[in-house]
Every structure is written in structure tokens, then in C-alpha cells.
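Descriptive analysis of the structure
Spelled out from the first residue to the last, the chains are:
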Amino acid sequence: MTAAPSKLSRAIKLGGHAFWNTAGFIFSLGMERLLIHPIMKENLGAEAFGAFIWMLGLVNLFGQVAANGFAIVMLRDFTGKSADEQQLMARQSLLMSIWLTTALLIVAAIGAMGFGGEAIRDVRAPLTTMLIVFAVVRSLELVLITLLRIRRQFLVIFGLRVLEGIVLLGNLWASSVGSFWLIGAVYVVSMVAPTAFALWREPLIGTRGPWWQRDAAYGLLMGWVGGAVLTLTEQGQMYAPRLVLGPVAGEAAVTVLYSGVSISNLFVAPVSILGGLVMALLAGNTGYALAGRRHKLYLIAATGSALLVGLVSQFIGMWLVERLYPQEADQTRTFYHWIAISNAFTTLTLLLRPVAIKYLSMRLVNSLSAVSVVLQIGALAILTPMYEARGAAMALAASSAVATCFWIYTYFQSRSWKKVEPDAVTPGSDEG
């Protein structure tokens, strides 16, 4: 009889998962934020770069909703299904991610046509066209990466992210040429290459079997709504400040805000990936994983992580801003502490949220998320016209604090979770 693995061996294995799951994403994001974007800003100028960042924020806001909605459904329900049901769920998630992402982005692009200054209008045609293609391909990659996470293929995910970061280096040349068609094309290729490899690696996609079943698709879509709303509210908290700031204060102000937010987000990104890892690990657990002392210890660890990220963001982050964005640093310094405060609250949110998603009603989770976004929009509407970039940062900190209070509440509520029978857990169910 094989002995059960020791706590030390389980901890080492978990640490390996966390490292590879995080390292590739940090490589890609760090390459973009620490090298590519600062050089692009110098090549394009503050206004043109701000217009690019504004358009990229618009696409990121709506371009991840569909795929992440399906990803949350899979992380909640995938392990309780048969092999055939898993294959059908994976394939239908891929197909519907393409359709829904395309529809959402077309509607968003049309709705945004009346916003933005001259710089945004100049880049709207090339960037809208190319970045929509980029987002549609990325939606496939996000679904595939979710499947890889469920199967614990974190080393493969690392390789995909490294490939993405290397391809993005092409924007150093594209921005020097000044062609936004080329810049958009580089983003497309950065997704096509890793997505093609992920498709080749995923056994549920390449083997025989059906691609569509009406009843299953309907059930999956009903479950998707909750995850999509959650993703939209989360992305709104991240990208709404720059989208509001652009029409109010101009594209150069977007660059000033982005110089602080882009650097500070580097310290939150590992936590975001770890939150996804926690969700993936909870997905394979049929009982309540935080019973007893674990509940308190996890909250203490999450709170300590939040304080650490906030301090590191403030001191190391501002130091990086001064060196990477010297022309914007004087303005960014006046409000950067609000961004660091936001990072601390966001860290706690990212570590507590997976527990709520797993064990509580998605209706409750989505309701609290929506309230936090409404409060953020209200704060942005009041503070941004008054203080411009500084006001946007203040609104970001305030909304992050409110959102964290909501997630702390749900974390304590999760202790009342009761196990349900596998047959009761369906894509359209509100029960975790």
C-alpha cells in the first residue's frame, strides 16, 4: 500500500505549482511593463501612447469577459463531470468564447466612438481592428490555459507566457516605425503562437467527439452569466479609471496615470496568478478545504501578503516609475500612494475571492462585485473631473477598499458551506 504524501512533500509540490504558474505570467507582463511600454512611450510620445493605452484598456475590459466567464464555470464544475461531459464543456467553451468575445467587442467599439480626443480618433481604426482580433484569439488561449491549470500543466503555461513575451518585443520596432497597424499585428501574433501550441497540447480538443449539444450549451451559458458578470466588474475596477480619464483630461493624462498603475500592477500580478492557483486547487476538492484553523491561518496569510504588497508597491514601485517614466514621474508622485493603497486592498481581495466563488452563491458574489463597481464609477465621476489623474487614483483606492470589505464578509460566510451531491452541481447552479 502506498503511503500518503507527507505535508512537506505536498508543500513542495504546491510551491512548484505556484512558481511555474506565476513565473511565465510575470515574465510576459514584466517584459511589457518594464521594457516595451516605456520605450514605446518614448517612440510615440505621451499623447499617442496614451491613446494606445486607452484603446488597449477598452479591449481588455470587454475582451476577457467571455473566456473568463467559461473558465470560472469549468473551475467550479469540471471535476464532477464524466470524461465525455468534460470534453463537450471544453469545446463549447472555446466556440462560444469566440462568438461572445467578437460580439462584445464590436458593441464596445461602436459605443466608444463618441469618446476620446484627436489622438484616440487617429488610432481608432488600426487599433480597434487589430486588437479585436488579438482579444478573440486570446479568449481561446484563456480557455485552454484553464484546462491546463485543471490538469496541473503549469510548466506548459510557463512556456506559453514566455513565448508571448518574446513575441511582444516586436513592438520595439513597430513603435519606432510609428505604425499602429504593426503594433496591433504584434499583439495578434503574440497570442496566435501560444494558442496554437496550447491547442496541440490539449487532449480534449484533438480527440474524436461532439463539438455541440444544445442542452449542454444552454446549461453552460446559464452558468457563464455569473462568471462573466464577475469578470466584467473586476476588469471594470482595473480599466475604468483610464477610460474615464481619457475623455475628461486628455490622452497625456492617461499616460501619467498609466506610468504609476502599470508599474504598481507588477506587484499585484503574482497575487492574481496565485488566486487563480487557489481556485484551481479548490476546484478538485469536494469538501470544505478551510475547516478549523486553516480558515484563520489563511486569512492571516492573506492580510500579511496585502500589507507586504502595499509597502513594496509604494517604495520599489515609485523608484521604478522615476527611472522608466522620468517625464511623468513628478506628476505621478503626487498620487502614487493612492495606487499603493489600492494594491494592498486588491491583494486581499484576490486571495479571498476564490473561496467565495467556490463555496458561495454566484448571485451573492456578483451582486457584491457589481455594487463595488457602481461605487467606483460614482467616485470616478466625481473625483476625476476635479483632480484628473490624481482623482482617478483616489477613486481606485476607495473602490478597492470597499470591495475588500465585501470579500472579507463572503470569506466568513463560506464557513457555513454544506457539501452538495455531485448531481446538484451543474453549470447553471448557484450553489458552489
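Residues numbered from 1 in each chain as written. Predicted model: local features only at pLDDT ≥ 70, side-chain atom pairs only at ≥ 80, totals over all residues. Heavy atoms only, no water.

**Description of the overall build of the chain**
In terms of regular secondary structure, the chain is built from 16 helices and zero strands. Among the 432 residues that make up the chain, the fraction classed as buried is 56%. Of the contacts made within the chain by residues no fewer than 6 positions apart, 86% connect residues no fewer than 24 positions apart. (Helix = DSSP H or I, 4+ residues; strand = E, 2+ residues; numbered from the N terminus. Buried < 20%, exposed > 50% of the residue type's maximum accessible area, 1.4 Å probe, protein only. Contact = heavy atoms within 4.5 Å.)

**Details of the packing of aromatic side chains**
To describe a pair of aromatic rings, you give the distance between the ring centres and the angle between the ring planes. Using the criterion set out here, one finds six aromatic pairs in the structure. Their ring planes at 80 degrees and their centres at 5.4 Å tell us that Phe134 and Tyr187 sit as a pair that is edge-to-face. Of this pair, Phe134 sits in helix α5 (residues 118-150) while Tyr187 sits in helix α8 (residues 180-201), and the two are 53 residues apart along the sequence. Looking at Tyr187, the relative accessible area reads 4%, which means it is buried. With centroids separated by 6.1 Å and ring planes inclined at 25 degrees, the aromatic side chains of Tyr298 and Tyr411 adopt a geometry described as stacked. Placement of Tyr298 in helix α12 (residues 293-324) and of Tyr411 in helix α16 (residues 389-413) is noted, with a sequence separation of 113 residues between them. The side chain of Arg390 reaches across the aromatic face of Tyr387, ending 5.6 Å from its centre. (Phe/Tyr/Trp six-rings, centres within 6.5 Å; stacked < 30°, edge-to-face > 60°. Lys NZ or Arg CZ within 6 Å of the ring centre and 35° of its normal.)

**Here we look at the side chain of Ser259**
Within the secondary structure, Ser259 sits in helix α11 (residues 251-283). When sequence neighbours within four positions are dropped, the list of residues in contact with Ser259 reads Val321, Tyr325, Glu328 and Thr332.

**A short note on a nonpolar patch on the surface**
On the surface, a nonpolar cluster with roughly 350 Å² of combined accessible area is contributed by Tyr218, Met222, Val225 and Val229. Relative to the helices and strands, Tyr218 resides in helix α10 (residues 214-249). The class of Tyr218 is exposed, set by a relative accessible area of 55%. (Patch = residues over 30% accessible without salt bridge, like charges linked within 9 Å, V, L, I, M, F, W, Y side chains within 5 Å. Areas by Shrake-Rupley, 256 points an atom, 1.4 Å probe, with all protein chains shown as cover. Salt bridge = Lys/Arg side-chain N within 4 Å of Asp/Glu carboxyl O.)

**Quick look at unusual backbone geometry**
Here the phi dihedral of Glu388 falls at roughly 55 degrees; this positive angle occurs in a residue that is not glycine. Counting through the fold element by element, Glu388 comes out in the loop between α15 (362-387) and α16.

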